[in-house]
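Listed here are the chains, written in short residue letters.
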Amino acid sequence: MTNTTGKINLLGLTQPEMEQFFESIGEKRFRAGQVMKWIHHFGVDDFAAMTNVGKALREKLEASAEIRGPEVVSENISADGTRKWVVRVASGSCVETVYIPQKGRGTLCVSSQAGCALDCSFCSTGKQGFNSDLTSAEIIGQVWIANKSFGTVPAKIDRAITNVVMMGMGEPLLNFDNVVSAMQIMMDDLGYGISKRKVTLSTSGVVPMIDKLAEVIDVSLALSLHAPNDELRNQLVPINKKYPLDMLLAACKRYVAKLGEKRVLTIEYTLLKGVNDQPEHAEQMIALLADVPCKINLIPFNPFPFSGYERPSNNAIRRFQDLLHKAGHNVTVRTTRGDDIDAACGQLVGQVMDRTRRSERYIAVRQLGSEAQEPRAAANRN
């Protein structure tokens, strides 16, 4: 929240926190609303531009506060209109934010950590290791940067960003307080005024935090499932060893039940050729989700170097989808977007100053495997 100069960064403050800040400097609470509108509706980061704030207060703000988003390192635009920003955060690492335009809506995929503390076997982000949690300012700052880049200020006029998904780099529930604060700003009318139905948090399954989340906010919930049984999920999503499927789905059902309003859980399922894409996996998934109000997003695997996994054939994907459809599930296959700029699901890597040395170990193991396979391949060719 503060930097080395001791100034407080107002970008990441929720409305109650902003009100407390103004009281702490001897000002009225209503100033919080004025300043939040300048920051989030108009994208202003200069107190001098806040024309309805008196000169004396502007000078006081200059002395004690700042409005500072992450540094934009690069912005790339895909042939399909997808955009990807690489931003540098305070730890020195870079994280990625992706905007996906679709008919009638625009979805921003936001990161919560530099790298990821989990190590799902098919995700390139996890192979980067982990450096740090992002602050609330660094999380909401991704929305602030994207919103300004479209020139859609005030935020409520011709809005480019209609949906936000916490599905970028990191496990959001392992950075709980900062993620919740950022989502509160996303939904606040003084922030971005996005509907609670259109702000989605995606988790790999941190069960205690799912229950805690239900106590403080009512955003939509997505579960990164990826396997229909514990044995396979233990391999693909290692946190399953701590929170197995029965425990995890019970927590998700509690969360959705508390939301009411006929809202459902979103199931994210990455299809991996020959691993979790067979008819028996579909049948197991149908049985697993029999009493879970949900919709299912199937995500064909997006390759990355040394992953060891492949994308299933289109026939295999359709077969899997059809089996779920016939069982009565609402199933969509996510269209791969932005893969020409490495912005597709599972491809976000950033530049993580890895504290875990996981990336180093992962590359070494994969390279050894490639070297071992090369003599065999040469022999086969001969």
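Keep in mind that what you see is a predicted model, and the values were worked out from it rather than measured.

1. Considering the UniProt feature "active site" (unreviewed entry) in the protein
UniProt tags Glu96 and Cys345 as "active site" (unreviewed entry). Structurally, glutamate 96 can be placed in strand S5 (residues 94-102). Exposure remark for glutamate 96: the relative accessible area of 5% places this residue in the buried category.

2. Considering a negative patch on the surface
On the surface, Asp45, Asp46, Glu59 and Glu62 cluster together to form a negatively charged patch. Inspection of the secondary structure puts aspartate 46 in the loop between helix H2 (31-41) and helix H3 (55-64). With relative accessibility at 36%, the residue aspartate 46 sits in the partly exposed group.

3. Thoughts on the pairing of strand S4 (residues 83-88)
One face of the sheet, then the other: side chains in a regular strand alternate in exactly this way. Among the six residues that make up S4, five are buried, leaving the element largely enclosed by the rest of the structure. Connecting the antiparallel pair strand S3 (residues 71-77) and S4 is a turn made up of five residues, with glycine 81 showing a positive phi of about 95°. Pairing of S4 with S5, which is carried by six bridges, proceeds in the antiparallel orientation. Within the sheet, the bridge partner assigned to arginine 88 lies in S5 and is cysteine 94. From the end of S4 to the start of S5, which pair antiparallel, there are five residues, and glycine 92 there has a positive phi angle of about 100°.

4. Some words on the sheet that holds strand S13 (residues 294-300)
Taken together, the 10 strands give an open sheet; going across it, the order is S3-S4-S5-S6-S9-S10-S11-S12-S13-S14, and neighbouring strands pair in mixed fashion. Each end of this open sheet is capped by a strand with a single partner; those strands are S3 and strand S14 (331-333). For this sheet the average axis-to-axis angle between neighbouring strands, irrespective of direction, equals 20°. Examined bridge by bridge, strand S6 (residues 105-109) and strand S9 (residues 163-166) share three bridges and lie parallel to one another. Note that in S9 the partner of leucine 108 across the bridge is valine 164. Running at roughly 165° to strand S11 (residues 220-224), helix H8 (residues 245-259) makes contact with S11 and strand S12 (265-271) of the sheet. Each of S12, S13 and S14 is contacted by helix H10 (residues 314-326), which is oriented at about 165° to S14, the strand it contacts most.

5. Points about helix H5 (residues 176-187)
Between the first and last C-alpha of H5 there are 17 Å, a value that for 12 residues agrees with the 16 Å anticipated at 1.5 Å per step. Counting buried positions along H5 yields nine of 12 residues, so the element is predominantly enclosed. Within H5 the residues assigned to the buried category are Phe176, Val179, Val180, Ser181, Ala182, Met183, Ile185, Met186 and Met187. Of the surrounding secondary structure, the elements contacted by the buried residues of H5 are helix H1 (15-24), H2, helix H4 (136-149), S9, strand S10 (199-203) and helix H6 (207-216).

Rules used throughout
- Residues numbered from 1 in each chain as written.
- Predicted model: local features only at pLDDT ≥ 70, side-chain atom pairs only at ≥ 80, totals over all residues.
- Heavy atoms only, no water.
- UniProt positions renumbered as here; feature names shortened; annotations may be inferred.
- Helix = DSSP H or I, 4+ residues; strand = E, 2+ residues; numbered from the N terminus.
- Buried < 20%, exposed > 50% of the residue type's maximum accessible area, 1.4 Å probe, protein only.
- Patch = residues over 30% accessible without salt bridge, like charges linked within 9 Å, V, L, I, M, F, W, Y side chains within 5 Å.
- Areas by Shrake-Rupley, 256 points an atom, 1.4 Å probe, with all protein chains shown as cover.
- Salt bridge = Lys/Arg side-chain N within 4 Å of Asp/Glu carboxyl O.
- Lys, Arg positive; Asp, Glu negative; His and termini not counted.
- Charge placed at Lys NZ, Arg CZ, Asp CG, Glu CD.
- Pairing = 2+ DSSP bridges.
- Axes fitted to C-alpha atoms, helices over the stretch in contact; angles between N-to-C directions.
- Contact = heavy atoms within 4.5 Å.
- Expected span 1.5 Å × (residues − 1).

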